[in-house]
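This is what each chain is made of:
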Amino acid sequence: MINADTKVYGIIGNPIRHSLSPQLHSEMFKAYGINAIYTAFETKDIKSAIDGIRALDIKGVNVTVPYKEDVVQLVDKVDKQAMILKAINTIKNENGYLIGYNTDYLGFMYLLKKNMKENYISKRIAVLGAGGAAKSIIFALSKLNVNSVFLLNRTRENALKTEEIFKNLIEIEVSDLNDKDVISSSDIIINCTSVGLKEGQIPIDINYVDKAVIIDIIYKDSLLIKRARSKNLRAINGMDMFVGQALYSFELFSGIKFDMNLAYKVLGDNKR
Ligand code: ATR
């Protein structure tokens, strides 16, 4: 029941209408008997939105595209891992004091744990893209003791900047997005570009892929995932990363780790 004690949570981004987070978090609050709601806040003004969290005592939010980097300057404290990534996807409001965290990389670690039973530490891993999403994935790989990755990006300069950020954590070899040799010799290819968010777009020529497991962090099956499957390659979409990051955000909000099976049940048809 919603009443005057109901705590408010939400996700801030633009656009935000496609987000599955309100559905997932709201159902989890209900399942665990927490008097809270979680909704979507679409804004063009992130500074006012963050002030609004304080003014209205909103208890916590997730932050998504395009504001993950902007909010680093707007919260009161940034967790150590989020500071390395210079990106925040979760804000917790502790009596008006806003603390920013990043659970995206934890979500990707969960995806790997769930899907990659084989040892991948010394495999040839290619990361496509060098933006915020790619940074979370590279960070997760470094945490999992992967020593080196290939970083394939459209704009070489952006890839070199990302390489610089991680120079003490993981070895990065920068190359072009469509480097045929790297793509054909890779064991794992992870798409972290935004190509594929729009239907019908694909970041690389699938004919170059020889044997790689394809991972796309987009949670619906992208064209890359579909093409990989039709080539009989193993292909993993980003749904497990999405549910994984939500798990850790929810834990920050409520102190509870939700039941993963329940989460997948709640998301139902959105899974594929
Ligand atoms: P996100 O937070 O989703 O990572 P981002 O930081 O804007 O978003 O990064 C987007 C990534 O997708 C970048 O690696 C970008 O490549 P550039 O560095 O060359 O901009 C990549 N990307 C976006 N549109 C692309 C396109 N049409 N073709 C190839 N790469 C693209």
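Look up: the structure comes first, before these words.
Asks: Explain the packing of aromatic side chains to me, please; I cannot follow it from the model alone.
Replies: Each aromatic ring pair is summarised here by two numbers: the centre-to-centre distance and the angle between the ring planes. A complete count under the given rule lists seven aromatic pairs for this structure. By way of ring pairs, the aromatic residues Tyr 9, Phe 29, Tyr 32, Phe 250, Phe 253 and Phe 258 are connected into one cluster.

Asks: I would appreciate a short explanation of the sheet that holds strand S5 (residues 90–94) in the present structure.
Replies: The strands making up a sheet are joined through hydrogen bonds of the backbone, oriented either antiparallel or parallel. Strand order across the open sheet formed by six strands is S2-S1-S3-S5-S6-S4, with mixed pairing between neighbours. Two strands close off the open sheet at either side, each with one partner strand: strand S2 (36–42) and strand S4 (77–78). Strand direction decides the pairing type here: S5 and strand S6 (residues 97–101), joined by five bridges, are antiparallel. Across the sheet, Ile 91 pairs through a bridge with Gly 100, a residue of S6. Strands strand S1 (7–13), S2 and strand S3 (60–63) of the sheet are contacted by helix H1 (residues 21–31), whose axis makes an angle of about 170° with S2.

Asks: Sorry, what's going on with the sheet that holds strand S8 (residues 148–153) here?
Replies: One open sheet accounts for six strands, arranged S9-S8-S7-S10-S11-S12; its pairing is parallel. The open sheet has two edge strands with one neighbour each: strand S9 (171–176) and strand S12 (235–236). When S8 meets S9, the two strands line up parallel, connected through six bridges. Bridge pairing links Ser 148 to Glu 171 in S9. Against the sheet, helix H6 (residues 156–165) touches S8 and S9, its axis set at about 175° to S9. Contacts from helix H8 (residues 223–230) reach strand S10 (188–191), strand S11 (213–216) and S12, with the element oriented near 160° to S11.

Asks: Teacher, can you tell me more about the layout of surface pockets here?
Replies: The method is simple in principle: a probe with the dimensions of a water molecule rolls over the atoms, and the space it marks as empty is what remains. What the second largest pocket holds in volume is close to 160 Å³. Around the second largest pocket, the lining residues are Met 1, Ile 2, Thr 6, Ser 26, Phe 29, Lys 30, Gly 33, Ile 34, Asn 35, Ala 36, Ile 37 and Tyr 38. Listed by contribution, the elements that provide at least two residues to the lining of the second largest pocket are H1 and S2. Partitioning the lining of the second largest pocket into residue classes produces seven nonpolar, four polar and one charged.

Asks: What am I meant to see in H1 here?
Replies: Given 3.6 residues per turn, any residue in an α-helix points the same way as the ones three and four places further on. Among all positions in H1, only Ser 21, Pro 22, Leu 24, His 25, Met 28 and Phe 29 are buried. Against the buried residues of H1 lie S1, S2, S3, helix H9 (239–254) and helix H10 (260–267). Phi turns positive, to about 65°, at Gly 33, one or two residues after H1.

Asks: What's the story with the pattern of salt bridges in this structure? I'm lost.
Replies: As a working rule, side chains carrying opposite charge can pair if their charged atoms are close by. Within this structure, the stated rule accounts for twelve salt bridges. Here Arg 54 ties to Asp 76 by a salt bridge, and the two come within 3.1 Å at their closest N and O atoms. Within this pair, whereas Arg 54 is found in helix H2 (residues 46–56), its partner Asp 76 is found in the loop between S3 and S4, the two being separated by 22 residues in sequence. Classification of Asp 76 as partly exposed rests on a relative accessible area of 37%. When the shortest N-O distance is used, the salt bridge between Asp 57 and Lys 59 registers 2.8 Å. Asp 57 gets classed as partly exposed once you look at its relative accessible area, which sits at 36%. Since its relative accessible area comes to 22%, Lys 59 is described here as partly exposed. Connected through shared salt-bridge partners, Lys 47, Asp 51, Arg 54 and Asp 76 make up one network.

Asks: What is the right way to read the pairing of strand S7 (residues 125–128) from this model?
Replies: Consecutive residues of a regular strand have side chains that alternate between opposite faces of the sheet. Both faces of S7 are covered, namely the face carrying Ile 125 and Val 127 and the face carrying Ala 126 and Leu 128. Examined bridge by bridge, S7 and S10 share four bridges and lie parallel to one another. Note that in S10 the partner of Leu 128 across the bridge is Asn 191. Across three bridges, S7 lies against S8 in parallel orientation. Looking at S8, one finds that Ala 126 is bridged to Phe 150. You can see the chain leave S7, run along helix H5 (residues 132–143) and come back into S8, and the turn it takes is right-handed.

Criteria and cut-off values
- In this convention, every chain numbers its residues from 1, walking through the sequence in written order.
- Selection of residues for local features in this predicted model requires a pLDDT of at least 70, selection of side-chain atom pairs for listing and counting requires 80 or more, and totals for whole chains, interfaces and linings are taken over all residues.
- Each side-chain value is worked out from all heavy atoms of the structure, with water and hydrogens disregarded.
- What counts as a ring pair is set by centres within 6.5 Å for rings of Phe, Tyr and Trp (its six-membered ring), and what kind of pair is set by the plane angle: stacked under 30 degrees, edge-to-face over 60, tilted for all other angles.
- Two strands form a pair only when DSSP identifies at least two bridges running between them.
- Runs of E in the DSSP output that reach at least two residues are strands. Runs of H or I that reach at least four are helices, and both are numbered from the N terminus.
- The contact criterion used throughout is that any non-hydrogen atoms of two residues lie within 4.5 Å.
- Structural elements are reduced to axes, namely lines fitted to C-alpha atoms, with helices fitted over the stretch in contact, and the angle between N-to-C directions of any two is expressed from 0 to 180 degrees.
- The rule is simple: put a 1 Å grid over the protein atoms alone, call a set of points where a 1.4 Å probe fits but cannot get out a cavity, call an open set with protein on both sides within 12 Å along at least five of seven lines a pocket, and count a residue as lining if it has an atom within 4 Å of a point.
- Grid points are joined across faces, edges and corners, and a volume is the space filled by probe spheres set on the points.
- For this scheme, ten residues count as nonpolar: Ala, Val, Leu, Ile, Met, Phe, Trp, Tyr, Cys and Pro. Four count as charged, namely Asp, Glu, Lys and Arg, and the remainder, Gly too, count as polar.
- Classification of residues uses two cut-offs on accessible area relative to the type maximum, computed with a 1.4 Å probe and protein chains only: under 20% is buried, over 50% is exposed, and between them is partly exposed.
- By definition here, a salt bridge exists when the distance from a side-chain nitrogen of Lys or Arg to a carboxyl oxygen of Asp or Glu is within 4 Å.
- The handedness rule is simple: strands pointing away from the viewer, and a clockwise path from the first strand over the helix to the second, make the crossover right-handed.

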